[in-house]
Amino acid sequence: LESRIDQRSDSQGLIPRAIIDVFEQIRSPQHVPEGYVVYVSAIQIYNEKLYDLLQHQNKELVLHLDSDNGVYVEGLTEYVVEDAQDCIFLVKRA
């Protein structure tokens, strides 16, 4: 019997388990009225350079520090995900 990708399994690694935990927490009765939007992005830091793992372009990204937005990566792809399965799909793609 194969388990669903968004259900906890002993054979899963740390990242899928953490993703499932996040969605279990935000869907718990104590958090439902607040509502949340979950964004996913994936970045690689290699030789002090930043790369977007969810884009096919190998374009170097730039890290910025802004007093209003804090630290952010200009041009980094962000996807809104509805559940753990969507999130795990994107992580596998990265």
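To be clear, the structure that these remarks concern was listed above.
Residues numbered from 1 in each chain as written. Predicted model: local features only at pLDDT ≥ 70, side-chain atom pairs only at ≥ 80, totals over all residues. Heavy atoms only, no water.

S.K.: Help me understand the pairing of strand β2 (residues 43–46), please; the structure alone is not making it clear to me.
M.R.: Along a regular strand, successive side chains alternate from one face of the sheet to the other. One ladder, built from four bridges, connects β2 with strand β3 (residues 49–52); its direction is antiparallel. Along β3, the bridge assignment pairs Gln 44 with Tyr 51. Linking two consecutive strands that pair antiparallel, namely β2 and β3, is a turn of two residues; a positive phi of about 50° is found at Asn 47 within it. (Pairing = 2+ DSSP bridges. Helix = DSSP H or I, 4+ residues; strand = E, 2+ residues; numbered from the N terminus.)

S.K.: How do you make sense of unusual backbone geometry when you look at a structure like this?
M.R.: A negative phi angle characterises most non-glycine residues, just as the trans form characterises most peptide bonds. Phi is positive for Asn 47, which is not a glycine, with a value near 50°. As for its position among the elements, Asn 47 is in the loop between β2 and β3. With relative accessibility at 59%, the residue Asn 47 sits in the exposed group. Backbone geometry at Glu 48 places phi at a positive 65°, although glycine is not the residue there. Mapped onto the elements of the fold, Glu 48 is located in the loop between β2 and β3. (Buried < 20%, exposed > 50% of the residue type's maximum accessible area, 1.4 Å probe, protein only.)

S.K.: Which parts of the structure should I look at to understand the sheet that holds strand β5 (residues 70–74)?
M.R.: Sheet strands associate in pairs through backbone hydrogen bonding, adopting either a parallel or an antiparallel arrangement. Pairing within the open sheet is antiparallel, and its four strands lie in the order β2-β3-β4-β5. This sheet does not close on itself; its edge strands, each paired only once, are β2 and β5. Neighbouring strand axes in the sheet, compared pairwise and without regard to direction, differ in orientation by 40° on average. (Axes fitted to C-alpha atoms, helices over the stretch in contact; angles between N-to-C directions.)

S.K.: Quick question: what am I supposed to make of the pairing of β3 here?
M.R.: In the sheet, β3 pairs with strand β4 (residues 60–66) via two bridges, with the strands oriented antiparallel. By the bridge assignment, Leu 50 is partnered in β4 with Leu 61.

S.K.: Sorry, what's going on with the environment of Tyr 39 here?
M.R.: Structurally, Tyr 39 can be placed in strand β1 (residues 38–40). Linking Tyr 39 and Glu 78, residues 39 residues apart in sequence, is a C-alpha distance of 5.9 Å. When neighbours within four sequence positions are excluded, Tyr 39 is seen to be in contact with Glu 78, Tyr 79 and Val 80. (Contact = heavy atoms within 4.5 Å.)

S.K.: What's the story with the packing of helix α1 (residues 14–26) against helix α2 (residues 84–93) in this structure? I'm lost.
M.R.: To describe two helices that pack against each other, one gives the angle between their axes and the distance between the axes. Running from N to C, α1 and α2 cross one another at 150°; their axes reach a closest spacing of 9 Å. When the axes of α1 and α2 are compared, the pair comes out roughly antiparallel. Judged by the sense of rotation from one axis to the other, the crossing of α1 with α2 is right-handed. Counted together, Ile 15, Pro 16, Ile 19, Ile 20 and Phe 23 of α1 and Ala 84, Cys 87, Ile 88 and Val 91 of α2 form the full contact between these two elements. (Parallel < 35°, antiparallel > 145°, perpendicular 65-115°, else oblique. Left-handed = near helix turned anticlockwise from the far one by under 90°.)

Any link to function would need more than the numbers given here.
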